[in-house]
Amino acid sequence: MGGISRYILQRLLLTIPMLLILLTFVFLILRVMPGDPVMAMLGGRNVSPELIAEYRHRMGVDCPILVQYAEYLGGIIHGDFGDSFRTSQPVVKELFLRFPATLELAFFGLLFAGIFGFGSGLIAAVRVDRPIDHAVRIFHIGSFATPLFWFGLMLQVFLAVKLGWFPVAGRVGGRIAFTFQSITGFSLFDSLLSGDTKVMADVAKHLVLPSITLGFALTGLLGRMSRASMLEVLDQDYVTTARAKGVKERIVIMSHALRNALIPIVTVFGLQFAILMGGAVLTETVFSWPGVASFLVRSIEGRDWPAIQGSIVFIAIFISLINLIVDISYSVIDPRVRY
Amino acid sequence: MSENMGQTEIENPTLVVGVIRWIVRKISSGRHALRRQTILKVGLIIVFLFILATGLTQIEGLTPYHPTKYRDAPRLEGPSIRHLLGTDQLKRDVFSRVISGGKASIIVAFGAVALSMTVGSVLGWISGFTGGFLDRVLSLTMDAIYSFPSMILAITLVAVLGAGIAPMIWSVGFVYIPTYFRVTRAEVLQVRETTYIEAVRAVGAGNVRIIVRHVAPNTVNAIMAVSSFNLADAILTVAALSFLGFGLPPPAPDWGFDIQNGQKYLQSGSWWLITFPGLMIIALSLGFGLIGEGISDLVNPKRRRKRG
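Residues numbered from 1 in each chain as written. Chains lettered and ligands numbered in written order. Predicted model: local features only at pLDDT ≥ 70, side-chain atom pairs only at ≥ 80, totals over all residues.

1. Quick notes on the overall build of chain B
Across its full length, chain B holds 14 helices and zero strands. Along its sequence from the N terminus, chain B presents helices and strands in the succession α-α-α-α-α-α-α-α-α-α-α-α-α-α. With 308 residues in all, chain B has 49% of them scored as buried. Sequence separation of at least 24 residues holds for 70% of the intrachain contacts in chain B that already meet a minimum separation of 6. (Helix = DSSP H or I, 4+ residues; strand = E, 2+ residues; numbered from the N terminus. Buried ≥ 20, exposed ≤ 12 C-beta atoms within 10 Å, placed from the backbone. Contact = placed C-beta atoms within 7 Å.)

Pasting the structure below:
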């Protein structure tokens with residue numbers, strides 16, 4: 001087996017105990033949760049004890065914890081996360097139904113953060129200690145201190161309600177939603193397939209504010225890191241050499257410095273993605289975005305154990321995969337890295 | 001920079017004394033150094049003002065109007081001279097609510113950071129110092145928590161523990177434990193290999209003594225810088241939890257909860273209900289962030305030139 005495939009295998013094997021720890025932790029903590037899922041489901045009023053007992057049995061919460069745990073683990077190995085208490089649908093199905101929405105939002109959020117974060121960091125580094133550098137740094141620190149949900153609500157109030165430039169919430173407009181056929185779950189992609197420019201514009205408009213909100217969570221972090229990393233690279237001997245040779249400044253920055261400045265940023269991409277998923281919870285809640293993160297929040301409110309466990313494991317697996325991809329991609333960005 | 005800046009070794013019997021002496025040394029005896037620390041000073045002033053304002057406004061009668069009982073204002077009116085930041089749907093004065101609404105945020109932020117700092121660094125010292133199987137299990141567990149979105153974990157935990165100040169301290173605190181664990185463990189691994197630890201061991205000191213007297217004090221600097229940034233982040237997490245409805249129960253003024261309330265009147269354009277509590281959150285979080293920046297500069301003067 002080659003170096004890289006052995007590395008991937010090692011990483012995957014290391015992921016299993018981590019997922020197991022998280023899963024066990026969530027499983028146990030839900031069992032001490034004060035709310036009873038059966039009562040939450042039945043409404044809690046005028047329910048006969050027989051009915052409660054029957055539901056308890058049907059939902060499998062009358063067995064001892066160890067039995068429940070063993071059954072749950074057994075199911076997961078087969079890709080079965082149980083059925084949601086609220087919708088009675090398999091949790092996996094519910095999650096895959098909502099996953100494209102979250103992925104779409106994360107992608108455009110990342111795009112926004114990438115362009116504005118990296119761009120602003122780059123400008124600040126090139127114009128270090130000039131007024132623009134100070135302005136950018138204040139912007140970065142400010143974006144750290146801004147609550148994401150508040151920023152989203154501000155965009156809603158001023159750009160959507162007051163100015164009416166964008167829709168307030170949701171993924172597609174009311175009238176279009178009737179005829180809109182979702183094929184892949186990625187609404188922008190689906191609207192492109194439909195070929196209707198009106199639908200495309202509507203879907204795109206719905207994406208703007210949530211993407212900016214989610215992206216804003218990372219912009220400051222990315223910007224600070226880009227600036228620091230770029231400053232470091234611009235201090236290197238090979239940059240001085242390139243300048244001494246008379247290479248144009250633009251080319252020095254674009255081809256000599258940029259790629260090397262990217263390395264430390266990509267290194268912590270996995271962590272940034274975790275921040276992004278955390279931000280997605282708030283963004284999806286504020287914008288009524290039908291994604292995995294808002295599904296988790298509603299599951300918590302409804303004491304929907306299988307759905308909570310499933311969502312958390314799902315998100316953890318997703319983040320582990322992203323981390324793995326990031327690790328592998330080092331060797332592409334930085335040829336010095338070998339596995 | 002004063003001469004004592006490069007000095008990192010602290011000879012103290014316990015961590016608490018170490019922390020206190022560290023703060024005293026850095027802030028009061030280092031007044032000379034502080035003179036140039038505009039960032040640190042601005043941060044300290046902001047945080048001090050917030051704590052003062054929040055503390056004072058808990059006393060009845062010190063806000064222009066009572067934050068919960070006063071209900072004679074016009075309903076949902078924008079900012080005016082009588083009501084500086086407008087009024088809400090229950091005819092209450094937004095300004096009075098906003099300046100007294102930081103109680104939960106401040107208590108939970110400090111409580112959570114104190115909790116995670118204690119648990120995280122103790123685990124970090126032990127794990128880094130003893131090594132072996134325990135270290136591997138702890139590191140793996142901490143990595144599992146660390147790599148998972150902290151916001152989602154905090155929401156899940158607070159849902160389990162229930163709404164209120166104490167549950168929020170536990171949930172937010174739990175989420176930050178890996179941060180301290182990682183910082184202290186990394187420091188311990190470095191310190192463990194140094195000659196003076198070897199010397200102390202040769203003299204015959206036990207493990208506990210080495211950790212408490214010689215290893216732990218060397219990790220204090222790193223912990224202090226991390227905790228300020230953590231406080232800034234905790235303010236935002238608490239606001240988010242309150243916004244989602246896991247904070248103080250209703251009539252109490254609270255920034256996150258007031259924003260959630262304002263969201264209901266967003267469509268009618270009542271922007272002042274959301275804007276002002278949010279600005280308070282930003283200002284306080286910014287204050288802690290600036291302190292973090294300042295401490296990092298103090299601890300590591302080299303960083304100043306490359307600061308991002």
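Next, the rest of the story.
2. A few points about the overall build of chain A
Helices and strands together make up the secondary structure of chain A, namely 15 helices and zero strands. Taking the intrachain contacts of chain A between residues at least 6 apart in sequence as the baseline, contacts between residues at least 24 apart amount to 70%.

3. Some thoughts on helix α12 (residues 249–267) of chain A
Residues and elements named next belong to chain A. With 19 residues, α12 should cover 27 Å at 1.5 Å per step; its first-to-last C-alpha distance of 27 Å lies within 8% of that length. Approximately 45° is the largest bend angle found in α12, and it occurs at A257. Within α12 the residues assigned to the buried category are I253, A257, A261 and I265. (Expected span 1.5 Å × (residues − 1). Bend = angle between axes of the 7 residues up to and from the residue.)

4. A closer look at the nonpolar core
Formed by 152 residues in total, the largest nonpolar core has its most connected members in I155, I235 and V238 of chain B. The biggest single contributor to this core is helix α11 (residues 220–243) of chain B, with 15 residues. What I155 of chain B contacts, discounting residues up to four positions off in sequence, is V281, V297 and I300 of chain A together with L241 and L244 of chain B. (Core = buried A, V, L, I, M, F, W, Y, C linked by C-beta atoms within 7 Å.)

5. Examining unusual backbone geometry
Located in the positive-phi region is S288 of chain A, a residue other than glycine, with phi close to 45°. By the secondary structure assignment, S288 of chain A is in the loop between α13 (269–286) and α14 (292–301).

6. Some thoughts on the packing of α14 of chain A against helix α7 (residues 150–161) of chain B
Between α14 of chain A and α7 of chain B, whose axes approach to 10 Å, the crossing angle comes to 10°. Classified by the interaxial angle, the pair formed by α14 of chain A and α7 of chain B is roughly parallel. Together, L296, V297 and I300 of chain A of α14 of chain A and I152, I155, T156 and A159 of chain B of α7 of chain B make up the contact between the two elements. For the contact of α14 of chain A with α7 of chain B, a count of residues per class yields six nonpolar, one polar and no charged. (Axes fitted to C-alpha atoms, helices over the stretch in contact; angles between N-to-C directions. Parallel < 35°, antiparallel > 145°, perpendicular 65-115°, else oblique. Nonpolar A, V, L, I, M, F, W, Y, C, P; charged D, E, K, R; others polar.)

7. Side note on the interface of chain B and chain A
One widely used convention gives an interface's size as the accessible area the parts lose upon coming together. Listed by partner, the interface residues are 37 residues for chain B and 48 residues for chain A. Listing elements by their share of the side of chain B that touches chain A, those giving two or more residues are α6 (132–147), α7, α11, α12 (255–263) and α13 (272–299) of chain B. Looking at the side of chain B that touches chain A element by element, the count peaks at eight residues for α13 of chain B. Split by residue class, the side of chain B that touches chain A holds 22 nonpolar, 13 polar and two charged.

8. A closer look at α14 of chain A
Residue and element names in this part refer to chain A. Taking burial as the measure, the ten residues of α14 include eight buried ones, the bulk of the element. The complete set of buried residues in α14 reads V292, A293, S294, F295, L296, V297, S299 and I300. Immediately downstream of α14, the backbone of R303 shows phi near 55°, a positive value.

9. Focus on the environment of L279 of chain B
All names here are of chain B. Here L279 is to be found in helix α13. On the neighbour-count criterion, L279 (16 C-beta atoms within 10 Å) is partly exposed. The spacing of L279 and W255 is 24 residues in sequence and 9.4 Å in space, taken between C-alpha atoms.

10. Concerning the confidence of the model for chain B
Residues and elements named next belong to chain B. Summing up the model confidence of chain B, the mean pLDDT is 78 and the portion of residues at 70 or higher is 84%. Per-element mean pLDDT across chain B ranges from 48 in helix α14 (residues 303–306) up to 88 in helix α5 (residues 103–130). Low pLDDT, under 50, characterises residues 1–12; the predicted model gives this stretch 18 contacts beyond four residues in sequence or across chains. Confidence drops under a pLDDT of 50 for residues 304–308, and excluding neighbours within four residues, the segment shows eight contacts in the predicted structure. In the predicted complex, the global pTM is 0.81; the interface-specific ipTM is 0.80. (pLDDT = per-residue confidence, 0-100.)

11. With respect to the environment of L111 of chain A
Considering the arrangement of structural elements, one finds L111 of chain A in helix α5 (residues 91–126). In this structure, the C-alpha to C-alpha distance between L111 of chain A and G215 of chain A, residues 104 residues apart in sequence, is 7.4 Å.

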